Amino acid sequence: MVTLSRIIKYGVQAFLRNGWLSVSTISIMILAALVFEGLIIFNVVGKSAIQSIQDKIDISVYFKSNVAEDSILSIKRSLENLSEVKQVDYISREQALDNFKSRHENEDAITQALNELDSNPLLASLNIKAKDPHEYGTIADYLQNQNLKDQIEKVTYAQNQVVIERLIALIDTLKNTGITLTVFLSFLAIMVTFNTIRLAIFSNSDQIGIMRLVGASNKFIQGPYVVEGVLYGVISAIISFVILIPIVGFLSPYINNFIPEMSLSSYFNNSVWQLLLYQLAFCVGVGILSSSIAIRRYLRT
Amino acid sequence: MIIFQNVSKVYTDSLVALDKVNFKVQSGEFVSVVGKSGAGKSTVVRLLIGEEKPTKGQIFFGSYEVNKLKTNELPEFRRHVGVIFQDFRLLAKKTVFENVSFALEVSGRPQKEINEFVPQVLEMVGLKEKTKSFPTELSGGERQRVAIARAMINRPDLIIADEPTGNLDPLNTWEVIKILTKINELGSTVILATHDKEVINTLGQRVITLENGQVIKDEANGRFLIG
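Residues numbered from 1 in each chain as written. Chains lettered and ligands numbered in written order. Predicted model: local features only at pLDDT ≥ 70, side-chain atom pairs only at ≥ 80, totals over all residues.

### Observations concerning the overall build of chain A
Consideration 1: A tally of helices and strands in chain A yields 11 helices and four strands.
Consideration 2: Taking 301 residues into account, the globule formula puts the C-alpha radius of gyration at 19 Å, and chain A, at 31 Å, lies well above it.
Consideration 3: A principal-axis box enclosing the C-alpha atoms of chain A has dimensions of 100 × 40 × 35 Å.
Consideration 4: When each of the 301 residues of chain A is scored for burial, the buried share is 27%.
Consideration 5: For chain A, long-range pairs separated by at least 24 residues make up 85% of all intrachain contacts whose partners lie at least 6 apart in sequence. (Helix = DSSP H or I, 4+ residues; strand = E, 2+ residues; numbered from the N terminus. Rg over C-alpha atoms; globule rule 2.2 N^0.38 Å. Buried ≥ 20, exposed ≤ 12 C-beta atoms within 10 Å, placed from the backbone. Contact = placed C-beta atoms within 7 Å.)

### With respect to the overall build of chain B
Consideration 1: Of the regular secondary structure elements, chain B holds seven helices and 10 strands.
Consideration 2: Computed over the C-alpha atoms, the radius of gyration of chain B is 17 Å, within 12% of the 17 Å expected from 2.2 N^0.38 for a compact globule of 227 residues.
Consideration 3: Once the C-alpha set of chain B is aligned to its principal axes, its extents read approximately 50 × 40 × 30 Å.
Consideration 4: Across the 227 residues in chain B, those meeting the buried criterion constitute 46%.
Consideration 5: In chain B, the share of contacts with a sequence separation of at least 24, taken over all contacts with a separation of at least 6, comes to 67%.

### Describing the sheet that holds strand 4 (residues 56–61) of chain B
All names here are of chain B.
Consideration 1: Ordered in space as 2-1-4-5, the four strands form an open sheet in which the pairing is antiparallel. What marks the edges here is a single partner per strand, and that holds for strand 2 (15–25) and strand 5 (64–65).
Consideration 2: As paired elements, strand 1 (residues 2–12) and strand 2 share seven bridges and run antiparallel to each other. Across the sheet, the residue bridging to Ile2 is Val25, located in strand 2. (Pairing = 2+ DSSP bridges.)

### A look at the domain arrangement of chain A
Consideration 1: Looking at the assigned domains, one finds that chain A contains domain 1 (2–53 + 169–296) and domain 2 (65–150).
Consideration 2: Its C-alpha centre places domain 1 of chain A at a distance of 52 Å from the equivalent point of domain 2 of chain A. (Domains from an automatic or database assignment.)

### Observations regarding the interface of chain A and chain B
Consideration 1: Taken together, the contact between chain A and chain B spans 14 residues of the former and 16 residues of the latter.
Consideration 2: Looking at the side of chain A that touches chain B, the elements that each hand over two or more residues are helix 1 (2–17) and helix 8 (205–213) of chain A.
Consideration 3: If you tally residues by element for the side of chain A that touches chain B, the top one is helix 1 of chain A, at five residues.
Consideration 4: Its residues assigned to classes, the side of chain A that touches chain B comprises seven nonpolar, four polar and three charged. (Nonpolar A, V, L, I, M, F, W, Y, C, P; charged D, E, K, R; others polar.)

### Structural notes on the environment of B:Ala151
Residues and elements named next belong to chain B.
Consideration 1: Structurally, Ala151 can be placed in helix 5 (residues 140–152).
Consideration 2: In this structure the C-alpha to C-alpha distance between Ala151 and Gln86, which are 65 residues apart in sequence, comes to 13 Å.
Consideration 3: Contact partners of Ala151, with chain neighbours within four places excluded, come to Gly82, Val83, Ile84 and Ile159.

### Thoughts on the pairing of strand 1 of chain B
All names here are of chain B.
Consideration 1: Counted between consecutive antiparallel strands, the loop separating strand 1 from strand 2 contains two residues.
Consideration 2: Where strand 1 lies against strand 4, five bridges are found, and the strand directions are antiparallel. By the bridge assignment for strand 4, Ile3 is matched with Phe60.

### Describing the nonpolar core
Consideration 1: Ranked by size, the top nonpolar core spans 106 residues in total, and within it B:Val100, B:Ile148, B:Ala149, B:Ile159, B:Ile160 and B:Ile191 carry the most contacts.
Consideration 2: Sort the elements by how many residues they give to this core and helix 9 (residues 218–258) of chain A lands first, with 11 residues.
Consideration 3: Dropping the residues within four chain positions of it, B:Val100 is found in contact with B:Val118, B:Val121, B:Leu122, B:Val146, B:Ala149, B:Arg150 and B:Ile153.
Consideration 4: By size, the runner-up hydrophobic cluster in this structure holds 14 residues, among which are A:Ile59, A:Ala130, A:Ile139 and A:Tyr157. (Core = buried A, V, L, I, M, F, W, Y, C linked by C-beta atoms within 7 Å.)

### Some remarks on the pairing of strand 8 (residues 189–194) of chain B
Residue and element names in this part refer to chain B.
Consideration 1: The element strand 8 is extensively covered by neighbouring structure, given that six of its six residues are classed as buried.
Consideration 2: Burial along strand 8 is two-sided: the residues Thr189, Ile191 and Ala193 and Val190, Leu192 and Thr194 are all buried.
Consideration 3: Two elements, strand 3 (residues 30–34) and strand 8, share five bridges in a ladder whose sense is parallel. Looking across to strand 8, one finds that Val34 is bridged to Thr194.

### As for helix 8 of chain A
Note on helix geometry: an α-helix contains 3.6 residues per turn, so any two residues three or four positions apart are oriented the same way.
Consideration 1: The set of residues buried in helix 8 of chain A consists of A:Ile208, A:Ile210, A:Met211, A:Arg212 and A:Leu213.
Consideration 2: Buried residues belonging to helix 8 of chain A abut helix 9 of chain A together with helix 2 (74–78) and strand 6 (81–85) of chain B.
Consideration 3: Of the residues trailing helix 8 of chain A, A:Gly215 is marked for its positive phi of about 100 degrees.

### Details of the sheet that holds strand 2 (residues 85–91) of chain A
Residues and elements named next belong to chain A.
Consideration 1: Read across the open sheet, the four strands follow the order 2-3-1-4; overall the sheet is antiparallel. A single partner strand is all that each edge strand has here, and the edge strands are strand 2 and strand 4 (152–155). For this sheet the average axis-to-axis angle between neighbouring strands, irrespective of direction, equals 20 degrees.
Consideration 2: Two strands pair when backbone bridges link them, and strand 1 (residues 59–63) and strand 4 are joined in this way by three bridges, in the antiparallel orientation. (Axes fitted to C-alpha atoms, helices over the stretch in contact; angles between N-to-C directions.)

This is how it looks when you write it as structure tokens:
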């Protein structure tokens, strides 16, 4: 206990007395922490952007007007049994008409034209969403192969295939870019922090030799540096988080323009503690790890 | 008791620092190790505190066989030995008080003891008024006295001083030698490596003379005779 309290005392003392060295280490760590936070937010925004695109992709199967509702519903059930399918919605002819009317409520010409028809011109359809956008081709093939030709009027996949494929390519690129960027920038942030702490310890290497001569055991030498690492971590996590708050406030409306479903501010507000925890874990983790690794080479003689 | 038994230290074929060195030092002795630069004085010091290992031979200090100590056994061993260097080797970011108390803290002594011992020792070396100063705020002589206070705070059986007066003016040199003599009178063995002729000749104690890594003279009341 005495040892631990002395180690903590030395760590805090060294942190305070190192002055500008602590300040510069913390500034570098703040930058690294901002990159790390940026990555978390980038991933969240990216995911909802991808989700929002994916939700817009679907295919619809329109049935000829003479096909009975029962057989459409049985096709629906068989589709629902496919592992690739996430959701199938049945839209009856009447519902299609209602939907159409409410969509064009204020357009008199269309309403009038509809009123002049004595029968419902719209077809019943199944609206299919896949779990993975890559599967739409498979689902479309399935519909083709089920001998349903005489019942199906059209499948929208054929006409939208190019758009869907482009969207899929876009989604894949987004995902890969996200992963690459995350791995690369995290690595960068960790390396920069590690080397900063290593330099700070290097500038103290003669002091380490002196401590050994006086009979300090390794834990007595290493401990205070680890404590310093923790202090660097905690302080830079908190400062970088405080810097992040106005940045999120500023960016949120812009992101909202691109992805209407996404509110960065409310995401941030809802997960403020979680984000702070990640941030602390990242900074303190990197701080402790860097100090412990960097000091090792001075403890061998 | 300290025993150097057939100790050789070879860095490369052309650089033999010590060549079959033999000597014994009884506890309570004050022994000077003299010789020109490169004669092997500092190697003797480094081997004795376990900073380096001999190429051949054995070194004993009390119950320790120093050449066989493992890295993790060195800290405990070094608490029995106080070392003083020409360049003082103080912890720059710690005050005078903290530099001295550090040696006690690392050996786990209770705070009460530290608060009692450190001022006593600092008073003995004449630095009672400077406890809160940092090393950069002290003169060379004062820094060396801090180093001496640190070396003796653990009441070690052995004090090793490697050219302790090399960076000091004559006045401070005599201050340091006086303190070392006092420590010796209080019971610690003192080994002083130096090439200061006047110091040796005034001390009138045992002198081991090294030349090219070999002991060429070992006299009970020695004088400094080399160039």
